[in-house]
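Given next are the chains, with one letter for each unit.
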Amino acid sequence: RQLVAPGAGLYMTLVIYWRKLQNPSTNFIHETVNAVGAAYQAFFVSIVVSILLPFVCYSHPGGIGASMTSQPSVMCFNNGTHVIMLAVGALSLLVSVFPFLALVNYAVWTYKRASADSSKAVRHLSLFRFLFFRFKPEAYYYSLVALTRSLLICLVPVIARDAAAVQLASMVVIFQGFLLIQLYTQPWRSDFANLTDALLACLLVLLVACVSMAGSFDDASSVAGAVGAFVVSSIFATSLGMLCSMIYRRLKPNPFFHKFICHHKADAAAQARFLQICIRQKLQENCFL
């Protein structure tokens, strides 16, 4: 199972190489990175979930041992078969997931620097177009945000083992937190895509709420108390922060200018602009022109 993703990547590489032989004008590196990257991006959750299956265990009644959730016959951490599965999973993370995340981080963090250089901008955008073409230029980083959300969702059952209520609460926090980011940035190129993304996040939160109502969890009361305390504290902190912000903006209006420059409407515009730049650079003060 762990060989599916690397095997698919190798297959696409061979297909693009054959295409390169048929059409020499094909950019082999760019086409390979975009094809394999788009596939990994589309199936990222499936790949990570498959790799993390050996790490997801549940405890036996009485706390005597644990078994894999996906294969209850396999004992966790004290069975040779499980140790081998853990080793294969860790190796798959190093070979499949971490290199892809490192590539995405590199593409995002070098985006501005590459875009500022006309000789590198076209090459960078062409090499990593699978990350940038769906989003607005100002939201170039959103592919990394989406992958981070997917990775956190996959890690929830690994970190919060034997705590179903904690898993559900964590899922809600992840969905709601990234929904706020999506609503604030509006990253998609079309309003319909932004609306659809927000609607899907709301539906996922509703689905988690339905699951929580349908199940009975031993740790539900303690988790509900902790989450309730956090929500009440957040509401109080948000209200207090908004009040302080309103008072601050009232007492200190923005924008604030230290100096004003006025010039004749027909002459001295360039000199006035030069004087404004000098004041900003030399005195580090805001200047209104």
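One can find the structure itself at the top, above this paragraph.
Remember, predicted model here, so these are calculated numbers, not experimental data.

Engineer: Where do I start with empty space enclosed by the protein in this structure?
Structural biologist: Vacant regions in the atomic arrangement are exposed by a probe of water-molecule size rolled over the atoms. Inspection of every chain in the model, using the stated rule, returns one cavity of 30 Å³ or more. Counted as a void, the largest cavity has a volume near 30 Å³. R149, F175, F178, L179, Q182, D197 and A201 together form the lining of the largest cavity. Contributions of two or more residues to the lining of the largest cavity are made by α9 (164-185) and α10 (191-214). It is α9 that contributes the most residues to the lining of the largest cavity, four residues altogether. Taken together, the residues of the lining of the largest cavity sort by class into four nonpolar, one polar and two charged.

Engineer: Can you walk me through the packing of helix α2 (residues 28-42) against helix α4 (residues 80-109) in this structure?
Structural biologist: To describe two helices that pack against each other, one gives the angle between their axes and the distance between the axes. The contact between α2 and α4 brings their axes to 11 Å, and the two run at 115 degrees. Judged by the twist between their axes, the crossing of α2 over α4 is left-handed. Residues V33, G37, Y40 and Q41 of α2 touch α4, and the partners they reach there are S96, F100 and L103. Here the contact of α2 with α4 is built from residues that sort into four nonpolar, three polar and no charged.

Engineer: When you look at a nonpolar patch on the surface in this model, what are you seeing that I'm missing?
Structural biologist: Side chains of F236, L240, L243, I247 and L251 sit close together on the surface and give an oily, nonpolar patch of about 540 Å² of accessible area. Owing to a relative accessible area of 70%, L251 belongs among the exposed residues under this scheme.

Engineer: What should I look at first to understand the state of the cysteines in this one?
Structural biologist: Disulfide: a covalent bond connecting the sulfur atoms of a pair of cysteines. Scanning the model with the defined rule gives one disulfide in all. Linked covalently through their sulfurs, C57 and C76 form a disulfide whose S-S length is 2.1 Å. Between C57 and C76, the S-S dihedral sits near -95 degrees, and the bridge is therefore left-handed. Within this pair, whereas C57 is found in strand β1 (residues 57-59), its partner C76 is found in the loop between β2 (66-68) and α4, the two being separated by 19 residues in sequence. When its relative accessible area of 3% is taken as the criterion, C57 is described as buried.

Engineer: Even after reading the chapter, I still don't get the side chain of Q182, so can you show me in this structure?
Structural biologist: As for its placement among the helices and strands, Q182 is situated in helix α9. Looking at Q182, the relative accessible area reads 2%, which means it is buried. A polar atom in the side chain of Q182 sits 3.1 Å from the backbone oxygen of N194. Once you skip the residues sitting within four places of it in the chain, Q182 turns out to touch Y142, P187, W188, N194, D197 and A198.

Engineer: Just checking my understanding: could you explain the layout of surface pockets for this structure?
Structural biologist: Size it by volume and the largest pocket reaches roughly 410 Å³. Looking at the largest pocket, it is lined by 21 residues, and the ones nearest its centre are A146, R149, S150, W188 and D197. Put simply, the parts of the chain that give the lining of the largest pocket at least two residues each are α2, α3 (44-52), α8 (142-159) and α10. For the lining of the largest pocket, the leading source of residues is α8, giving six residues. Broken down by class, the residue content of the lining of the largest pocket amounts to 13 nonpolar, five polar and three charged.

Basis of the calculations
Residues numbered from 1 in each chain as written. Predicted model: local features only at pLDDT ≥ 70, side-chain atom pairs only at ≥ 80, totals over all residues. Heavy atoms only, no water. 1 Å grid on protein atoms, 1.4 Å probe; cavity = no way out; pocket = protein on both sides within 12 Å on 5 of 7 lines; lining within 4 Å. Points joined across faces, edges and corners; volume = space filled by probe spheres on them. Helix = DSSP H or I, 4+ residues; strand = E, 2+ residues; numbered from the N terminus. Nonpolar A, V, L, I, M, F, W, Y, C, P; charged D, E, K, R; others polar. Axes fitted to C-alpha atoms, helices over the stretch in contact; angles between N-to-C directions. Left-handed = near helix turned anticlockwise from the far one by under 90°. Contact = heavy atoms within 4.5 Å. Patch = residues over 30% accessible without salt bridge, like charges linked within 9 Å, V, L, I, M, F, W, Y side chains within 5 Å. Areas by Shrake-Rupley, 256 points an atom, 1.4 Å probe, with all protein chains shown as cover. Salt bridge = Lys/Arg side-chain N within 4 Å of Asp/Glu carboxyl O. Buried < 20%, exposed > 50% of the residue type's maximum accessible area, 1.4 Å probe, protein only. Disulfide = S-S within 2.5 Å. Polar contact = N/O pair within 3.5 Å; in protein donor to acceptor, adjacent residues only side chain to side chain.

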